[in-house]
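Below, each chain spelled out in residue letters.
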Amino acid sequence: MSVLLIAGSPSDRSRTAAVLEAVGQRLELRGQQVDRLRVRDLSPQALLLADFGHPTVSRAVGQVARAEVIVVATPVYKAAYSGVLKVFLDLLAQDAFKGKTVLPLATGGSPHHMLALDYALRPVLQSLGAKQILSGIYATDAQVPLTPEGAYQVAPDIAARLDEAVNTLLRDTLQVQQTNAGRFADVPFSQVLCSV
Ligand SMILES: Cc1cc2nc3c(=O)[nH]c(=O)nc-3n(C[C@H](O)[C@H](O)[C@H](O)COP(=O)(O)O)c2cc1C
């Protein structure tokens with residue numbers, strides 16, 4: 001299973017990225033191949049002016065195309081997802097998430113906007129053709145505190161929810177892959193032989 005982590009915060013030191021990385025580490029420990037994409041590393045001009053042909057954009061679009069699972073993380077900005085994530089998603093083809101499983105994550109200053117995952121981000125993921133969107137995980141800033149060493153770390157309650165989400169992801173996605181592996185290939189109608 002190939003997984004792409006998309007970090008949607010414009011901040012260099014980012015709580016959202018810490019939550020996302022915690023998911024990435026769990027998947028790697030379970031033997032999954034994990035690729036990473038920080039939207040803040042793409043050309044800001046290419047993002048804002050919708051330059052589809054820019055090398056950083058085409059590389060990122062290729063990463064999305066190769067992934068079977070997307071874990072997308074965003075800070076809540078003004079009761080929705082971040083602007084940088086939006087301008088990146090706008091550069092993707094309409095069916096860029098077709099056949100993919102998506103796990104959405106968000107962090108916010110308070111619990112008040114936790115539903116932004118469902119009313120703002122989920123419809124966009126759906127419109128990109130995601131096959132399955134798992135229940136999102138929302139962490140407040142207090143649940144991603146700074147360690148004395150100056151790194152963000154997820155609190156035990158969020159860590160437990162991430163464990164659960166990774167278990168669900170592996171169980172659901174591997175199950176779908178096994179189902180597909182055991183399936184007969186589609187036969188075009190023109191090749192169907194009939195006898196009476
Ligand atoms: C421009 C801006 C707007 C924000 N708007 C909200 C908001 O509407 N609701 C909320 O709960 N937090 C809001 N926050 C707080 C961030 O969502 C929160 O601190 C988040 O963890 C930052 O993630 P990051 O460290 O990955 O950038 C806002 C922060 C900024 C900078």
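A short tour of the structure in this document, coming up. (Residues numbered from 1 in each chain as written. Predicted model: local features only at pLDDT ≥ 70, side-chain atom pairs only at ≥ 80, totals over all residues.)

A word on the site of the ligand
Inference 1: Residues in contact with the ligand amount to 18 residues; listed here are only the nearest, Ser14, Thr16, Pro75, Gly108 and Gly109.
Inference 2: Secondary structure elements with two or more residues in the shell around the ligand: helix H1 (15-29) and strand E4 (101-108).
Inference 3: When residues of the shell around the ligand are assigned to their parent elements, the largest contribution, three residues, is made by H1.
Inference 4: By residue class, the composition of the shell around the ligand is five nonpolar, ten polar and three charged. (Near = placed C-beta within 6 Å. Helix = DSSP H or I, 4+ residues; strand = E, 2+ residues; numbered from the N terminus. Nonpolar A, V, L, I, M, F, W, Y, C, P; charged D, E, K, R; others polar.)

Let's talk about H1
Inference 1: In this model H1 runs 21 Å from its N-terminal to its C-terminal C-alpha over 15 residues, within 8% of the 21 Å that 1.5 Å per residue would give.
Inference 2: Turning to H1, its buried residues are Arg15, Thr16, Ala17, Ala18, Val19, Leu20, Ala22, Val23, Gly24 and Leu27. (Expected span 1.5 Å × (residues − 1). Buried ≥ 20, exposed ≤ 12 C-beta atoms within 10 Å, placed from the backbone.)

Remarks on the environment of leucine 146
Inference 1: With respect to the helices and strands, leucine 146 occurs in the loop between strand E6 (137-140) and helix H6 (156-181).
Inference 2: Residue leucine 146 is classed as partly exposed on the basis of its 13 C-beta neighbours within 10 Å.
Inference 3: Each C-alpha atom, one on leucine 146 and one on arginine 15, is 9.0 Å from the other, the two residues being 131 residues apart in sequence.

Re the pairing of strand E3 (residues 69-75)
Inference 1: For E3, a buried count of seven out of seven residues is recorded, marking the element as mostly surrounded by other parts of the structure.
Inference 2: Because side chains alternate across E3, one face comprises the buried residues Val69, Val71, Ala73 and Pro75, and the other comprises Ile70, Val72 and Thr74, equally buried.
Inference 3: With seven bridges connecting them, E3 and E4 associate as parallel partners. Each bridged residue has a counterpart across the sheet, and for valine 71 the counterpart in E4 is leucine 103.
Inference 4: Viewed along the sheet, the connection from E3 through helix H4 (residues 83-90) into E4 turns out right-handed. (Pairing = 2+ DSSP bridges. Right-handed = clockwise from strand over helix to strand, strands pointing away.)

So, the environment of leucine 105
Inference 1: Examined against the element boundaries, leucine 105 turns out to sit in strand E4.
Inference 2: Sequence separation between leucine 105 and leucine 162 is 57 residues, and the spatial gap between their C-alpha atoms is 9.7 Å.
Inference 3: Sequence-distant contacts of leucine 105, defined by excluding residues within four places in its chain, comprise Thr16, Val19, Leu20, Val23, Val71, Ala73, Gly136 and Ile137. (Contact = placed C-beta atoms within 7 Å.)

Here we look at the nonpolar core
Inference 1: Counting 52 residues, the largest nonpolar core has Val19, Ile70, Val71 and Ala73 as its most contacted members.
Inference 2: Counting residues per element, this core draws most heavily on H1, which supplies seven residues.
Inference 3: Leave out the neighbours within four places in its chain, and valine 19 touches Ala73, Leu105, Thr107, Ala139, Val144, Val154 and Ile158. (Core = buried A, V, L, I, M, F, W, Y, C linked by C-beta atoms within 7 Å.)

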